[in-house]
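Summary of the model geometry
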Amino acid sequence: MNIFSGKKDVKEEIKTQNKVLRSAQRDIDRDKNQLEREIKKIELEIKKMAKAGNKHACTILAKQLIQLRKQQNRNISASARISGIKSHTQVMASNVKLGEAIKTTSKTMNEMNKIQNPVKTSQIMKEFEKQNLKMGMTDEMSKKKYLFH
């Protein structure tokens with residue numbers, strides 16, 4: 001956290017977001033387990049009522065069962081969205097790290113450019129080319145000399 005502005009830095013913000021998302025995911029998982037228990041309980045009740053011949057109670061319980069299954073589907077959808085948000089957050093964190101690395105690299109390159117003299121480097125490169133060409137010619141001449149002897 002920046003002491004002067006009171007704002008969180010990016011790493012802290014991502015950490016906070018991940019904590020909130022994990023908490024939400026746990027809540028959804030708890031609800032999912034509770035719904036599964038409730039669905040099993042209602043299914044058993046429907047079977048009991050069907051054996052007893054109570055059609056009206058079976059109809060009411062079947063409607064409850066349908067509502068619970070719809071809620072279960074909504075929970076699955078919400079869980080998928082949370083997973084997507086988590087992935088997006090991780091991508092954003094990676095981009096922040098990449099940006100910091102690029103910033104450091106460009107700073108280093110800038111410092112190296114200040115140290116390096118382009119005119120002198122150009123002269124060195126020209127001299128290297130000249131000497132390299134001489135060496136190539138000398139090598140070529142010596143090969144011809146050995147071939148003709």
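Reading the values: rules and limits
- Residues numbered from 1 in each chain as written.
- Predicted model: local features only at pLDDT ≥ 70, side-chain atom pairs only at ≥ 80, totals over all residues.
- Heavy atoms only, no water.
- Patch = residues over 30% accessible without salt bridge, like charges linked within 9 Å, V, L, I, M, F, W, Y side chains within 5 Å.
- Areas by Shrake-Rupley, 256 points an atom, 1.4 Å probe, with all protein chains shown as cover.
- Salt bridge = Lys/Arg side-chain N within 4 Å of Asp/Glu carboxyl O.
- Lys, Arg positive; Asp, Glu negative; His and termini not counted.
- Charge placed at Lys NZ, Arg CZ, Asp CG, Glu CD.
- Buried < 20%, exposed > 50% of the residue type's maximum accessible area, 1.4 Å probe, protein only.
- Helix = DSSP H or I, 4+ residues; strand = E, 2+ residues; numbered from the N terminus.
- Core = buried A, V, L, I, M, F, W, Y, C linked by side-chain atoms within 4.5 Å.
- Contact = heavy atoms within 4.5 Å.
- Expected span 1.5 Å × (residues − 1).
- Axes fitted to C-alpha atoms, helices over the stretch in contact; angles between N-to-C directions.
- Parallel < 35°, antiparallel > 145°, perpendicular 65-115°, else oblique.
- Left-handed = near helix turned anticlockwise from the far one by under 90°.
- Nonpolar A, V, L, I, M, F, W, Y, C, P; charged D, E, K, R; others polar.

Moving on: a positive patch on the surface. A contiguous patch of positive charge, built from Lys8, Lys15, Lys19, Arg22 and Arg26, is present on the exposed surface. Its relative accessible area of 58% is what places Lys19 among the exposed residues.

Counted according to the given criterion, the structure contains 4 salt bridges. Here Lys41 ties to Glu38 by a salt bridge, and the two come within 3.9 Å at their closest N and O atoms. You can see Lys41 and its partner Glu38 sitting in helix H1 (residues 10-52), 3 residues apart, about one turn around the helix. Assessed through its relative accessible area of 30%, Glu38 is described here as partly exposed.

One finds Leu35, Ile39, Ile42, Ile46, Cys58, Leu61, Leu65 and Leu68 forming the largest nonpolar core, which totals 8 residues. For this core, the secondary-structure elements that each account for two or more residues are H1 and helix H2 (55-115). Look past the residues within four positions of Leu65 in its chain and what remains in contact with it is Ile39, Ile42, Glu43 and Ile46.

Tracing the backbone through its elements, the reader meets Ala93 in helix H2. Spatially, the C-alpha atoms of Ala93 and Glu13 are 9.8 Å apart, while their sequence positions differ by 80 residues.

Here the focus is H1. Here H1 is 43 residues long and its end C-alpha atoms lie 63 Å apart, about the 63 Å a rise of 1.5 Å per residue gives. The secondary structure elements touched by the buried residues of H1 are H2.

Right, let's get into the packing of H1 against H2. In contact at an axis separation of 9 Å, H1 and H2 are set at 165° when each is read in the N-to-C sense. Here H1 is positioned roughly antiparallel relative to H2, judged by the angle of their axes. Of the two elements, H1 crosses H2, and the hand of that crossing is left-handed. Per-class residue counts for the contact of H1 with H2 are 22 nonpolar, 9 polar and 11 charged.

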